[in-house]
Amino acid sequence: MEDVCSDKVKHGLAAGLATAPQRPDWTVDQGWDSYTTEQHSVWKTLYERQSHLLPDLACDAFVEGMSRLPMSADCIPNFEELSETLHKATGWQIVAVPGLVPDDVFFDHLANRRFPSGNFIRGAHELDYLEEPDVFHDVFGHVPMLMNPLMADFIQAYGKGGLRAQSLGKLTELARVYWYTVEFGLVRQNDGMRIYGAGIASSFSESAFSIQSDSPNRIAFDLERVMRTNYRIDDFQEVYFVLDDLQDLLALAKTEFAPYYERLNSGPTYQPGDILTTDKVPHRGTGNYHRRRTHKP
Ligand code: HBI
Ligand code: FE
């Protein structure tokens, strides 16, 4: 794609106005004009690494979504251009945010098919370190799957469900669903298990680990099981839950969660490394990776 990087910014005035009053929905201008050459080049490094790896590791829907977006290695994409393409495909838009936003604000955006994306990018000296979701995670990781109608509907449903879960005190349980699908989900494809989760797809080391390592468990997705399972935010996952088909997201988007919340009032919570006798386990992991990490001084 050429033309993606030049002559595009119509809101020159907004760039760099950090003191502009905050909007109630926490959105800001992307400020595309203020990205430095170095920031564009961080994008390029990350983009090249991942676009090289993912055709063999990510599911077809991800790779196809990527190819249909006005996005390349050359520069950080412009959210207005992305939104134009995305909106035509699935009715979603990208809005810029300065970092993590409060849960209710996040859910309200999703419920209205607006995907909040960090407008900043990680530094060149910390390519694999993220404290908050940046533009590479949010755009490269999430937007390709938002081109897919199934994921488009599922994330909107999650936004609506999030507001409700919050009022019922069940956000922890619902957030596990998002974590083990939208962020760290794998799906079966005729040629093997593949990535569809953005947290994996945007990570150089975890994209290979999730698919190729012997260490993590890969367990068939089961909603109640997932809602009972803690996750780790500090390292690679010890378990990935695998959908049989992306079509399963359709049923998931339509699921009435109230009966699940009811059942979750009692019963066990599982740790990431647990395997249950009731699990279907396409790959039982060796656990070597996390065992080694635990024993390090
Ligand atoms: N804000 N910008 C941003 N991105 C997220 O992924 C995000 C958020 N706020 C809350 C949140 N995620 C999650 O904690 C909810 O899914 C529960
Ligand atoms: Fe994310």
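Residues numbered from 1 in each chain as written. Chains lettered and ligands numbered in written order. Predicted model: local features only at pLDDT ≥ 70, side-chain atom pairs only at ≥ 80, totals over all residues. Heavy atoms only, no water.

Chemist: Help me out: how do you make sense of the overall build of the protein chain in this one?
Modeler: Scanning the protein chain for helices and strands turns up 13 helices and 6 strands. The principal-axis extent of the C-alpha atoms belonging to the protein chain is close to 60 × 40 × 40 Å. Per-residue burial over the protein chain gives 52% buried out of 297 residues. As displayed, the protein chain has an accessible area near 14100 Å², and 49% of this comes from carbon and sulfur atoms. The averaged location of the 42 negative side-chain charges in the protein chain is 6 Å from the averaged location of its 28 positive side-chain charges. (Helix = DSSP H or I, 4+ residues; strand = E, 2+ residues; numbered from the N terminus. Buried < 20%, exposed > 50% of the residue type's maximum accessible area, 1.4 Å probe, protein only. Areas by Shrake-Rupley, 256 points an atom, 1.4 Å probe, with all protein chains shown as cover. Lys, Arg positive; Asp, Glu negative; His and termini not counted. Charge placed at Lys NZ, Arg CZ, Asp CG, Glu CD.)

Chemist: Hey, could you run me through the coordination of the iron ion (ligand 2) in this one?
Modeler: Octahedral metals with six donors have ideal donor angles of 90 or 180 degrees. Tetrahedral metals with four donors have an ideal donor angle of 109.5 degrees. Coordination of the iron ion (ligand 2) by the protein comes from His 137 (NE2), His 142 (NE2) and Glu 183 (OE), over a distance range of 2.0 to 2.1 Å. Binding-site remark: the iron ion (ligand 2) is held by donors from one chain whose sequence spacing is H-x4-H-x40-E. Here His 142, found in helix α5 (residues 135-146), pairs with Glu 183, found in helix α7 (residues 171-183); they are 41 residues apart in sequence, far enough to count as distant. Each member of the pair, His 142 as well as Glu 183, is classed as buried. (Donors = N, O, S within 2.8 Å, 3.2 Å for Na, K, Ca; no water.)

Chemist: In this structure, what is going on with the sheet that holds strand β5 (residues 217-220)? I would like to understand it.
Modeler: Sheet strands pair via backbone hydrogen bonds, and the direction of the pair is either parallel or antiparallel. Read across the sheet, 4 strands follow the order β4-β3-β6-β5 without closing on themselves; strand pairing throughout is mixed. The sheet terminates laterally at β4 (192-195) and β5, the two strands that pair on one side only. Neighbour-to-neighbour, the strand axes of the sheet open up by a mean angle of 40°, direction not taken into account. The pairing of strand β3 (residues 186-189) with strand β6 (residues 239-243) spans 2 bridges and is classified as parallel. Opposite Leu 186, over in β6, you have Val 242 as the bridge partner. Contacting β3, β4, β5 and β6, helix α9 (residues 204-212) runs over the sheet at an angle of about 155° to β4. (Pairing = 2+ DSSP bridges. Axes fitted to C-alpha atoms, helices over the stretch in contact; angles between N-to-C directions. Contact = heavy atoms within 4.5 Å.)

Chemist: When you look at the site of ligand 1 in this model, what are you seeing that I'm missing?
Modeler: In the vicinity of ligand 1, the contacting residues are Val 97, Gly 99, Leu 100, Val 101, Asp 103, Phe 106, Phe 107, Pro 133 and Tyr 158. A distance of 3.1 Å separates a nitrogen atom of ligand 1 from a polar atom in the backbone of Gly 99. The separation between a nitrogen atom of ligand 1 and a polar main-chain atom of Val 101 is 2.8 Å. In the complex, the protein chains occlude 82% of the 400 Å² of accessible area that ligand 1 would expose alone. Per-class residue counts for the shell around ligand 1 are 7 nonpolar, 1 polar and 1 charged. (Near = heavy atom within 4 Å. Polar contact = N/O pair within 3.5 Å; in protein donor to acceptor, adjacent residues only side chain to side chain. Nonpolar A, V, L, I, M, F, W, Y, C, P; charged D, E, K, R; others polar.)

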